[in-house]
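Survey of secondary and tertiary structure
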Amino acid sequence: MNAPYLLPAMLALAVGTYALRWTGPAMRHRLRLSPRAIHLLDTGALILLAALVATATLPTGSGHLGIALPAGVGVGGVLAWRRAPLLVTVLAAATTTAALRLLGVH
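Residues numbered from 1 in each chain as written. Predicted model: local features only at pLDDT ≥ 70, side-chain atom pairs only at ≥ 80, totals over all residues. Heavy atoms only, no water.

**Looking at the UniProt feature "transmembrane region" (unreviewed entry) in the protein**
Listed under "transmembrane region" (unreviewed entry) in the UniProt record, and renumbered for this structure, are residues 6-24, 36-58, 64-81 and 86-104. Along residues 6-24 the backbone is 100% helical and 0% strand, and the end-to-end C-alpha distance reaches 28 Å. For residues 86-104, helix accounts for 89% and strand for 0%, while the C-alpha atoms at its two ends are 27 Å apart. (UniProt positions renumbered as here; feature names shortened; annotations may be inferred. Helix = DSSP H or I, 4+ residues; strand = E, 2+ residues; numbered from the N terminus.)

Written out as structure tokens, the structure reads:
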């Protein structure tokens, strides 16, 4: 990319991102969704989260799937299901994975 165009492109992306993020709260009381649309959006968010967990847990290049990472994700999943705070969930999952790897379980 040509250097003179880099700064304006970055500024345009920053303004566009801010505007897009601002429209959600700004339009919250002006736009009414049907109960079915709300249900579909909730289901879509759940499916997206499950896909993110699956791609983060499964091996990408080595083909070796140890037990430490799935165990950490499992602990995080159980805590999320039990509605634990997000910080507790993330820290417990990371601690589980790190502890198992520290003990030599990969």
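**Some points on the domain arrangement of the protein**
As assigned here, the protein comprises domain 1 (24-58) and domain 2 (62-105). Relative to domain 2, the C-alpha centre of domain 1 lies at a distance of 24 Å. (Domains from an automatic or database assignment.)

**With respect to the packing of helix α3 (residues 68-81) against helix α4 (residues 86-102)**
A packed helix pair is summarised by two numbers, namely the angle formed by the two axes and the spacing between the axes. Direction vectors running N to C along α3 and α4 enclose 155 degrees, while the axes themselves pass 8 Å from each other. By the angle between their axes, α3 is roughly antiparallel relative to α4. Considering the relative orientation of α3 and α4, their crossing is right-handed. Mapping the contact onto sequence places A68, L69, A71, G72, V75, G76, L79 and A80 in α3 and V88, T89, A92, A93, T96, T97, L100 and R101 in α4. When grouped by side-chain class, the residues that make up the contact of α3 with α4 number 10 nonpolar, 5 polar and 1 charged. (Axes fitted to C-alpha atoms, helices over the stretch in contact; angles between N-to-C directions. Parallel < 35°, antiparallel > 145°, perpendicular 65-115°, else oblique. Left-handed = near helix turned anticlockwise from the far one by under 90°. Contact = heavy atoms within 4.5 Å. Nonpolar A, V, L, I, M, F, W, Y, C, P; charged D, E, K, R; others polar.)

**A look at the side chain of T89**
Counting through the fold element by element, T89 comes out in helix α4. Beyond its immediate sequence surroundings of up to four residues, T89 is in contact with G76, L79, A80 and A84.

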